[in-house]
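A closer look at the structure
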Amino acid sequence: TAAAGGNVIEWYDFYIFGSLATILAVKFFDKSNAIAALLSTIALFTAGFLVRPLGAFVFGWMGDRVGRKYTFILTLVGMALGTGAIGLIPTFEQIGLSAAIILFCLRMVQGLCLGGSYGGAITYVAEHVPEDRRGYYTGWLQTSPTLGIVLSLIIIIATRTYFGEAAFADWAWRIPFLCSFLLVFVTMYMRANFEESPVYEEIKAKGKTSKNPWREAFLNPANLKYVVIATIVVLGEGVVWYSSQFWALFYLQTVSKVDTLTSAFIVGIGLVIGTPSLVFFGWLSDKIGRKPVILGGFFLAAVTYYPLYTWLGAVTHPGQINYPVAILIVAILVFYVGMVYGPIGAFLAEFFPGRIRYTAVSMPYMIGNGWGGGLVPFITTAVYTA
């Protein structure tokens, strides 16, 4: 629960940026070209994904050499400070181009920390639970990114409603970023109450920790083969995750021209309905295997995305939105996420030996999810705009 709770807030930090992309475009870039400003903001959003493998590389090594617990906590603190600081940056009007440069640097901090934390969370939880229920327990952990989006939408809706549109556009947009400083208190609790992973403790006690996790994971042909396979699987999972959840929000706002509050409501309710599927399919993968569940999700997504998004566009014309159908479509999309993402934590943890698990889990996850999934908003927005 503590690992998932920390992850929820961390993903909230990461996605609050994308949820407020249209406002950030106005605040930190030249307003003379609205499309260029929006694409610039989405490019910054994407840059946070592209740097994630570097975070996995650095913190993965630390997790296998120093330990799961302290590495995981270090990344959470870095994320809290990086995101909270975004709420303190002066705007383009106040300090010019420096505003965009500072925003870019803080986005890099976010990406680096997230790159190191998620592999740690998967490894930490997977090494604490029974093998025959690993899919079920890591399925709970897999709900954290989706719940992070829900939390970001709830705080945006609450802040917008309380302060009003004018105040929110002027200064209250900073509040969701400043909320992330609360993550520091979560990490203090975790530091006081967490114990090191029993698997890592045993490896350390026997003096079998890896001297060079990078070399063992990426230069050993046997391990490298599994790294490549895992990366390809996570690449597909990343595309499904972002196409189903985050692109749904982008689609409603940029294609259907639905206002921010309404689109946040539709996607938020759809996410809440669909999120239990992550735990269900994690549990199912314990019973019938990881592969049929994950590949089934890939197949359904590939076959039905186009008709589902066409249908979503048809029922979300501004002024005549069919809320139940729109929410149902988003819930179906999240159901696909449950199939591919629910079992993936257990799938990755079981692929690699404990002595290099933090490194070997983090890199495929962040390359596949960060590059494969992270490019979805930028590519789809650019294509639609063109």
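Calculation notes
- Residues numbered from 1 in each chain as written.
- Predicted model: local features only at pLDDT ≥ 70, side-chain atom pairs only at ≥ 80, totals over all residues.
- Heavy atoms only, no water.
- Helix = DSSP H or I, 4+ residues; strand = E, 2+ residues; numbered from the N terminus.
- Rg over C-alpha atoms; globule rule 2.2 N^0.38 Å.
- Buried < 20%, exposed > 50% of the residue type's maximum accessible area, 1.4 Å probe, protein only.
- Contact = heavy atoms within 4.5 Å.
- Lys, Arg positive; Asp, Glu negative; His and termini not counted.
- Charge placed at Lys NZ, Arg CZ, Asp CG, Glu CD.
- Expected span 1.5 Å × (residues − 1).
- Bend = angle between axes of the 7 residues up to and from the residue.
- Core = buried A, V, L, I, M, F, W, Y, C linked by side-chain atoms within 4.5 Å.
- Disulfide = S-S within 2.5 Å.
- Axes fitted to C-alpha atoms, helices over the stretch in contact; angles between N-to-C directions.
- Parallel < 35°, antiparallel > 145°, perpendicular 65-115°, else oblique.
- Left-handed = near helix turned anticlockwise from the far one by under 90°.
- Phe/Tyr/Trp six-rings, centres within 6.5 Å; stacked < 30°, edge-to-face > 60°.
- Salt bridge = Lys/Arg side-chain N within 4 Å of Asp/Glu carboxyl O.

Digging into the overall build of the chain
Helices and strands together make up the secondary structure of the chain, namely 21 helices and 2 strands. Against the 2.2 N^0.38 benchmark of 21 Å for 386 residues, the chain shows a C-alpha radius of gyration of 20 Å, consistent with a compact globule. With respect to the three principal axes, the spread of C-alpha positions in the chain is 65 × 45 × 35 Å. Across the 386 residues that make up the chain, the buried fraction comes to 58%. Counting only contacts in the chain whose residues sit at least 6 apart along the sequence, the fraction spanning at least 24 positions is 85%. For the chain, the distance from the average position of its 24 positive side-chain charges to the average position of its 19 negative side-chain charges is 6 Å.

Topic: helix H1 (residues 2–19)
Because each turn of an α-helix spans 3.6 residues, side chains separated by three or four positions end up pointing in the same direction. Taking 1.5 Å per residue as the helical rise, H1 with its 18 residues ought to reach 26 Å, and the 25 Å between its terminal C-alpha atoms agrees with that figure. By the largest-angle criterion, Asp 13 marks the main kink of H1, which is about 30°. Most of H1 is tucked away: 16 of the 18 residues are buried.

Concerning the nonpolar core
Counting 108 residues, the largest nonpolar core has Tyr 15 and Tyr 341 as its most contacted members. Take this core: its biggest share by element is 14 residues, from helix H14 (residues 221–254). Among residues more than four places away in sequence, those in contact with Tyr 341 are Tyr 118, Gln 142, Pro 145, Glu 237, Trp 241, Leu 278, Tyr 365 and Asn 369.

Looking at the state of the cysteines
Inspection of every chain in the model, using the stated rule, returns 0 disulfides. Take Cys 105: it sits in no disulfide, and the sulfur closest to it among the cysteines is that of Cys 113, at 14 Å.

Thoughts on the packing of helix H4 (residues 52–65) against helix H7 (residues 97–126)
Two numbers describe how H4 lies on H7: the axes approach to 6 Å, and their chain directions differ by 50°. Considering the angle they form, H4 stands oblique to H7. Crossing geometry of H4 relative to H7 is assigned as right-handed. In this structure, H4 uses Arg 52, Leu 54, Gly 55, Ala 56 and Phe 59 to contact H7, whose residues at the interface are Gly 111, Leu 112, Cys 113, Leu 114, Gly 115 and Gly 116.

A word on the packing of aromatic side chains
Enumeration according to the criterion identifies 24 aromatic pairs in this entry. Centroid distance Trp 61 to Trp 214: 6.0 Å. Interplanar angle 45°. Geometry classified as tilted. Of the two residues, Trp 61 sits in helix H4 while Trp 214 sits in helix H13 (residues 213–218), which places them 153 residues apart along the sequence. Among the residues examined, Trp 214 registers a relative accessible area of 29% and is labelled partly exposed.

Section: the pattern of salt bridges
What the rule picks out here adds up to 7 salt bridges. Here Arg 355 ties to Glu 216 by a salt bridge, and the two come within 2.6 Å at their closest N and O atoms. With Arg 355 in the loop between helix H19 (344–349) and helix H20 (357–373) and Glu 216 in helix H13, this residue pair connects regions lying 139 residues apart in the sequence. By relative accessible area, which is 29% here, Arg 355 ends up partly exposed. Take Glu 216: its relative accessible area is 21%, and that puts it in the partly exposed class. One salt bridge in this structure joins Arg 290 and Asp 286, with 2.9 Å as the shortest N-O distance.

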